[in-house]
Amino acid sequence: MRLLVTGGAGFIGSNFVHHVVEHTDHRVTVLDRLTYAGNRASLAGLPEDRVAFVHGDIADADLVDDLVAAADAVVHYAAESHNDNSLHDPNPFLHTNLIGTFTLLEAARKHGTRFHHISTDEVYGDLELDDPARFTEETPYNPSSPYSSTKAGSDLLVRAWVRSFGVSATISNCSNNYGPYQHVEKFIPRQITNVLRGIRPKLYGEGRNVRDWIHADDHSSAVLTILDEGRIGETYLIGADGEKDNKTVVELILHLMGRPTDDYDHVTDRAGHDLRYAIDSTKLRDELGWQPRFRDFEAGLAATIEWYRDHEEWWAPAKDSTEAFYARLGQ
Ligand code: NAD
Ligand code: DAU
């Protein structure tokens, strides 16, 4: 297959491209605008006869039309992805997450191209800490932030294009990813690179908020499974039963990096901070037979710490400006 992967120079998109090259014979064209979050170095070393790179915007209708016409399937990762940025300036979130997704859907409709839309568990809002429930495909949408509301809107566009125009699309909503190539603005890489730089990790509020962690490589295998075997028009939730509160994760990072586990700061909490996310991925596991490979969070985190230790040249260029941004917000 010829895959068009949008956002393939970002965190999860680049992990997916590496996974596809390793595990399939597919050829990939990456379409990426290389915003602050995109990095060509995340695709370094991949074979040129398997992976082509196009620098451009998913909201550029002419460019998108040409690329979708040449593809057998689109896997749509490109997004503005960071909640804190969306609280500061929502504008690019509307452009990319809504107009960009609309532009891709119109091209998929015109050319009859298979479309897989990457989304997030945040479209469901949050759960109470003591609620035994987890998100399922039936949970009502209830997004909290400009980021998650634009992702929710993009999911609804996909559903409408399936029903109204017969576009062959599937949607997946995944929980929090960790692993290599994640931007230092995000929680886990921020704390690891802080420790590597001799800065104390920064925990929002009390750190009781819970996230459901999955390794990015497991997200990739789930997406390939849905692309191959998913039923058109269906939504699949992706998760690996990895619920942890943020305080536990910071303390584990400090422990794994040989630091005292109380060597961190509590900083200003995020406005509207979602309390807890939790995914029930029974449908994906029972219907399509998918299973996560990374089941030991501590081992996956230790490997991720080693990756950041070994790849300072990858993350260092973004570190100072990211910390300056957080410092202005008191975070
Ligand atoms: P990221 O911010 O690391 O990467 C986004 C990529 O999209 C970057 O390479 C950026 O340059 C590119 N991009 C942004 N705007 C673009 C535009 N207009 N045109 C073309 N390219 C553009 O994001 P990520 O964390 O890798 O997330 C990827 C996708 O996965 C997003 O759709 C996100 O909502 C979803 N998701 C992320 C997580 C997570 O834990 N990070 C979990 C579930 C779902
Ligand atoms: O659930 C999936 C979502 O996970 C994706 O849709 C988003 O694209 C992705 O960014 C992520 O969203 P979160 O807001 O959960 O991730 P983030 O890494 O920003 O924060 C994780 C938790 O850690 C959250 O509760 C906020 C907290 N946090 C974050 C930072 C950056 C801190 O305590 N300190 C920090 O410095």
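For the protein, an unreviewed UniProt entry supplies the name dTDP-glucose 4,6-dehydratase and the organism Mycolicibacterium madagascariense. Per UniProt, the comment on the protein under Sequence similarities (unreviewed entry) is "Belongs to the NAD(P)-dependent epimerase/dehydratase family. dTDP-glucose dehydratase subfamily." According to its UniProt record, the protein has this under Cofactor (unreviewed entry): "NAD(+)".

Participant: Could you give an account of the UniProt feature "domain: NAD(P)-binding" (unreviewed entry) in the protein, with specific residues and numbers?
Facilitator: Mapped onto this numbering, the UniProt entry annotates "domain: NAD(P)-binding" (unreviewed entry) at residues 4-300. Along residues 4-300 the backbone is 39% helical and 17% strand, and the end-to-end C-alpha distance reaches 29 Å.

Participant: Any chance you could break down the layout of surface pockets for me, citing the residues and the numbers?
Facilitator: When its volume is computed, the second largest pocket comes out at roughly 290 Å³. As for the second largest pocket, its lining consists of 13 residues, of which Tyr36, Glu80, Asn85, Glu185 and Phe325 are closest to the centre. Broken down by secondary-structure element, the contributors of at least two residues to the lining of the second largest pocket are helix H3 (83-88), helix H4 (91-111) and helix H11 (312-328). Here the lining of the second largest pocket takes four residues from H11, the largest share from any one element. A class-by-class count of the residues in the lining of the second largest pocket yields five nonpolar, five polar and three charged.

Participant: An account of unusual backbone geometry is requested, with residue identities and associated values reported.
Facilitator: Phi is positive for Tyr181, close to 70°, though the residue is something other than glycine. We classify Tyr181 as buried; its relative accessible area is 16%. Its identity as a non-glycine residue notwithstanding, Asp241 has a phi of 55°, on the positive side. Relative to the assigned elements, Asp241 resides in the loop between strand S11 (235-238) and strand S12 (243-245). What makes Asp241 partly exposed here is its relative accessible area of 48%.

Participant: If you had to explain the sheet that holds strand S5 (residues 114-120) to someone new, which residues and values would you point to?
Facilitator: Read across the sheet, seven strands follow the order S3-S2-S1-S4-S5-S6-S11 without closing on themselves; strand pairing throughout is parallel. Where the open sheet ends on each side, the last strands, each with one partner, are strand S3 (51-55) and S11. Across the sheet, the axes of successive neighbouring strands diverge by a mean angle of 20°, strand direction being ignored. Alignment of strand S1 (residues 2-6) against strand S4 (residues 73-76), held across four bridges, turns out to be parallel. Its bridge partner being in S4, Leu3 is matched across the sheet by Ala73.

Participant: A description of the site of ligand 1 should follow, citing residues and the corresponding values.
Facilitator: Ile12, Asp32, Ser81, Tyr147 and Lys151 are the nearest of the 28 residues found near ligand 1. In this structure, Arg33 approaches ligand 1 through a main-chain N or O atom, which is 3.0 Å from a nitrogen atom. Between an oxygen atom of ligand 1 and a side-chain N or O atom of Tyr147, the distance comes to 2.6 Å. Calculation on ligand 1 without its partners gives an accessible area of 840 Å², and the protein chains cover 97% of this total. At the level of secondary structure, the elements contributing two or more residues to the shell around ligand 1 comprise helix H1 (11-23), S5 and helix H5 (146-165). Examining the composition of the shell around ligand 1, we find that three residues originate from one element, S5, more than from any other.

Participant: Talk me through the pattern of salt bridges; I want residue IDs and the actual numbers.
Facilitator: The tally for this structure, following the rule as stated, stands at 22 salt bridges. Where Lys110 meets Asp65, a salt bridge forms, and the shortest distance between an N and an O atom there is 3.2 Å. Placement of the pair is Lys110 in helix H4 and Asp65 in helix H2 (residues 61-69), with a sequence separation of 45 residues. Residue class for Asp65 comes out buried when judged on its relative accessible area of 19%. Linking Asp241 and Arg285 is a salt bridge whose minimum nitrogen-to-oxygen distance equals 3.6 Å. One end of the pair, Asp241, is in the loop between S11 and S12; the other, Arg285, is in helix H9 (residues 282-288), with 44 residues separating them in the sequence. According to the relative accessible area criterion, Arg285 is buried, its value standing at 17%.

What counts and what doesn't
- Residues numbered from 1 in each chain as written.
- Chains lettered and ligands numbered in written order.
- Predicted model: local features only at pLDDT ≥ 70, side-chain atom pairs only at ≥ 80, totals over all residues.
- Heavy atoms only, no water.
- UniProt positions renumbered as here; feature names shortened; annotations may be inferred.
- Helix = DSSP H or I, 4+ residues; strand = E, 2+ residues; numbered from the N terminus.
- 1 Å grid on protein atoms, 1.4 Å probe; cavity = no way out; pocket = protein on both sides within 12 Å on 5 of 7 lines; lining within 4 Å.
- Points joined across faces, edges and corners; volume = space filled by probe spheres on them.
- Nonpolar A, V, L, I, M, F, W, Y, C, P; charged D, E, K, R; others polar.
- Buried < 20%, exposed > 50% of the residue type's maximum accessible area, 1.4 Å probe, protein only.
- Pairing = 2+ DSSP bridges.
- Axes fitted to C-alpha atoms, helices over the stretch in contact; angles between N-to-C directions.
- Near = heavy atom within 4 Å.
- Polar contact = N/O pair within 3.5 Å; in protein donor to acceptor, adjacent residues only side chain to side chain.
- Areas by Shrake-Rupley, 256 points an atom, 1.4 Å probe, with all protein chains shown as cover.
- Salt bridge = Lys/Arg side-chain N within 4 Å of Asp/Glu carboxyl O.

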